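Observations on chain architecture
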2 protein chains.
Amino acid sequence: MTISPLAPEGFPELAPIDGVTLSTAASGMKYTGRDDMMLMRLDEGTALAAVFTLSDTAAAPVKWCRERVSEGIPTRAVLVNAGNANAFTSIGGMEAVTSCCRGIASALRCDVGAVMMASTGVIGEPLAYADLARHFPALASGQASWQSAAEAIRTTDTFAKGASATATISGTEVKITGIAKGSGMIAPNMATMLGFVATDAAIPQAILAALLADATRRSFNAITVDSDTSTNDSVFLAASGKAGNAQVSGPDDPELAGFRAALNEVMQDLAKQIVRDGEGASKFITIDISGATDDSAAHRIGLAIANSPLVKTAIAGEDANWGRIVMAIGKAGAAVDQSRIGVTIGGIRIAADGARVETYDETPVAAHMKGQMIDIDVSVGTGAGTARIWTCDLTHGYISVNADYRS
Amino acid sequence: MTISPLAPEGFPELAPIDGVTLSTAASGMKYTGRDDMMLMRLDEGTALAAVFTLSDTAAAPVKWCRERVSEGIPTRAVLVNAGNANAFTSIGGMEAVTSCCRGIASALRCDVGAVMMASTGVIGEPLAYADLARHFPALASGQASWQSAAEAIRTTDTFAKGASATATISGTEVKITGIAKGSGMIAPNMATMLGFVATDAAIPQAILAALLADATRRSFNAITVDSDTSTNDSVFLAASGKAGNAQVSGPDDPELAGFRAALNEVMQDLAKQIVRDGEGASKFITIDISGATDDSAAHRIGLAIANSPLVKTAIAGEDANWGRIVMAIGKAGAAVDQSRIGVTIGGIRIAADGARVETYDETPVAAHMKGQMIDIDVSVGTGAGTARIWTCDLTHGYISVNADYRS
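About the cut-offs
Residues numbered from 1 in each chain as written. Chains lettered and ligands numbered in written order. Predicted model: local features only at pLDDT ≥ 70, side-chain atom pairs only at ≥ 80, totals over all residues. Helix = DSSP H or I, 4+ residues; strand = E, 2+ residues; numbered from the N terminus. Expected span 1.5 Å × (residues − 1). Buried ≥ 20, exposed ≤ 12 C-beta atoms within 10 Å, placed from the backbone. Arc of directions from axis to C-beta. Pairing = 2+ DSSP bridges. Domains from an automatic or database assignment. Contact = placed C-beta atoms within 7 Å. Nonpolar A, V, L, I, M, F, W, Y, C, P; charged D, E, K, R; others polar. Least-squares fit on C-alpha atoms with pLDDT ≥ 70 in both.

Our focus in this paragraph is helix α6 (residues 205–217) of chain B. Residue and element names in this part refer to chain B. For α6, which comprises 13 residues, the first-to-last C-alpha distance of 18 Å matches the rise-based estimate of 18 Å (1.5 Å per residue) to within 8%. For α6, every residue scored as buried is listed here: Leu208, Leu211, Leu212, Ala215 and Thr216. The buried residues of α6 occupy one face: seen down the axis, they fall within an arc of 130°.

See below:
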């Protein structure tokens, strides 16, 4: 598989997180010559928050995790396998998850309810539990880098995705490190993606859940590759508390301002890496919406543009066909005042007040379209709502990947 | 432009409709060597019903027509131009429509409010009224076949689309003939399409409007090519009354049963021709949904499958990757009971009761996928709602057409 032309130059330096241990293994289930299993072990006292796909056909591991979250047993481990999504596998699929978590619990000597699982890969095929189980002892004692973990969870990803940041809580430095996988079937809510983010900050579970929800809205729920929603999307955020920072009072505690910014940075970085690895992507597109009724209307308009095959193919063809953006605004189903719509591409004003500007010259827009980073700004003139959405273009590469490869 | 591999063998025989006169002309505005204007003249006493795009950025001619419909002045003519959509053209765009309709009204000596207009083509470019106006005298007196009219209204269409049917109302034979254009930017409601259907039946305007709304739901609103919604979709249904059938009492009059069936037949035929001309299409896909909460939920699930790039690319690749259908069901946002979902492709049962059937053998499904006509049946087990949706696959051809051509 060729590496995406939008890939970062290399894998970033990731700070280890005290209290969080990773390990990987190769099940041989689907891929050869690479690891496809990952275990994230969490020291006692670690808080964990998670968000999951909104699909009505959510996979067995997602259902398992949702039940565990509602039970409130502190999580001690998250098991991941790549290559089989264990989705639409009925009772057998849930039995496979239960067996996996029981096996990991036994190897780690913890409660079975303290083990979560995330799967990614083909939908509808039974998960061969035994192929995974034989690696549980090695996973339970092994140790791997964040980079190895990021590599093990890939499916159609052409590069491993990771990000790190630091922040200060009441004078104590804390670290945040995350990895993610995702390339196709990427749409809010959420992308076909798995995300594992950890921090050594001490943050109670309820506050952690609020911080994760907010950061997800601004990152993984603000990207789209192809408008398709996965059955398996899951993002986990673990806080080991090893940094020993002072207690925080709530998600809006001013002492958490730096942490929130760092968490946004890590999660947006991971989300943007997923777009950069969008199947067949040749351009990275940033869409800014302003003047919508509210932020949620702006989000909807941004996604209508980002998901429009005609907008995405025009960008792939480096064609300044901005009329398609107007078409997509019109189909978003958000209130817009056509006579106040403005469109700017690459900083060049194309349309204002509902029509093309009289002095419009396509030359600089055409030049911008030839670049790798495409910026679209749309104002709709009905309020103060804003949103920023990231996506990629729709190319022959997307067709090739998805017409030939069973993901 | 290569003709779609799914095109019908030839243009069908279309019955002329007494009271309806067509003419065509070449503006030279965008295309060379072909007509790109069409005028449909309606004899006095003709009733007209119309449905339009639901886009919030509807084009100037759509706005004009909506106002005319609400005024209730009997329509005497519909002017069409292909190549410029006159969409997002602000006040200048509305002035161009007004000038066109005034010009046609003057040539036909009728009220300006009796002239409708429909445009299709590039969005955002001012419409050069003068280029059209010089052909009004010729259009007002000319006469052309339905086939010539169907050819004149094309944009990216690779073949002209027409259909005819007959029915009997209280013992009197009536004819229905229609033409349409559309290929990309095809999604309910409605496709980037223009449709012109006429009958010599005598049917009052209010009843005609009800019949058109119902037939549109089962035809043009049941197809999708790429999920993009046009700014210009318009379908007109004219009834000249020349057949002289007995009066009908309402849309549900039993004497109209045959007419309703014939109207559905003509409009579904046109709708399916649009799918057959879907940009880059190589497979024609019929999706039947059953067991949904209601028909509207079934419709939504069918469209989620039909619009999924991953489903469409899998079919393009002749890959029996049915898990993507399950994914699409999950993202539809309609209530489904995962444990009762069933999936059948080409008549072969793949999944039942929320999991793959144990005896599943991919061989016959893979064979069906190699054909040109793909049949997908999905049952979701929550009620009695059904829907049938038609779409095409997503191929390299779609990317080529839309990345290179400014439509």
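After presenting the structure, the write-up continues.
Turning to the pairing of strand β16 (residues 385–392) of chain A, a few remarks are in order. The two faces of the sheet receive side chains in turn, since in a regular strand these alternate between them. Residues and elements named next belong to chain A. With respect to burial, β16 is a largely interior element, six of its eight residues being buried. Of the pairings in the sheet, the one linking strand β11 (residues 284–292) to β16 comprises seven bridges and is antiparallel in character. When the sheet's bridge partners are listed, Thr286 is paired in β16 with Trp390.

Residue and element names in this part refer to chain A. Domain boundaries in chain A define domain 1 (20–276) and domain 2 (284–404). Put simply, the middle of domain 1 and the middle of domain 2, counted by C-alpha atoms, are 32 Å apart. On the side of domain 2, 11 residues touch domain 1, which itself brings 12 residues to the contact. Counting residues per element, the ones that place at least two in the side of domain 1 that touches domain 2 are β9 (223–224) and α7 (257–276). When residues in the side of domain 1 that touches domain 2 are grouped by element, the largest group, four residues, is from α7. Split by residue class, the side of domain 1 that touches domain 2 holds six nonpolar, four polar and two charged.

Rotating chain B by 180° and translating it 0.0 Å along the rotation axis places it on chain A, where the RMSD comes to 0.0 Å. Read as a symmetry element, the transformation amounts to a two-fold axis. Rotation axis and chain B: the residue whose C-alpha lies nearest the axis is B:His396, separated from it by 2.8 Å.

All names here are of chain A. One non-glycine residue, Phe88, lies in the positive phi region at around 55°. Position of Phe88 relative to the elements: it lies in the loop between β4 (77–84) and α2 (90–108). Positive phi outside glycine occurs at Asp353, with the angle close to 50°. Mapped onto the elements of the fold, Asp353 is located in the loop between β13 (348–352) and β14 (355–356). Exposure remark for Asp353: the 14 C-beta atoms within 10 Å place this residue in the partly exposed category.

For the rest of this paragraph, the subject is the interface of chain B and chain A. Counting residues at the interface gives 52 residues for chain B, matched by 51 residues for chain A. Those elements that provide at least two residues to the side of chain B that touches chain A are α2 (90–108), α9 (309–316), α10 (323–331), β14 (355–356) and α12 (396–404) of chain B. Looking at the side of chain B that touches chain A, the element that brings in the most residues is α10(B), giving seven residues. Residue composition of the side of chain B that touches chain A, by class: 20 nonpolar, 23 polar and nine charged.

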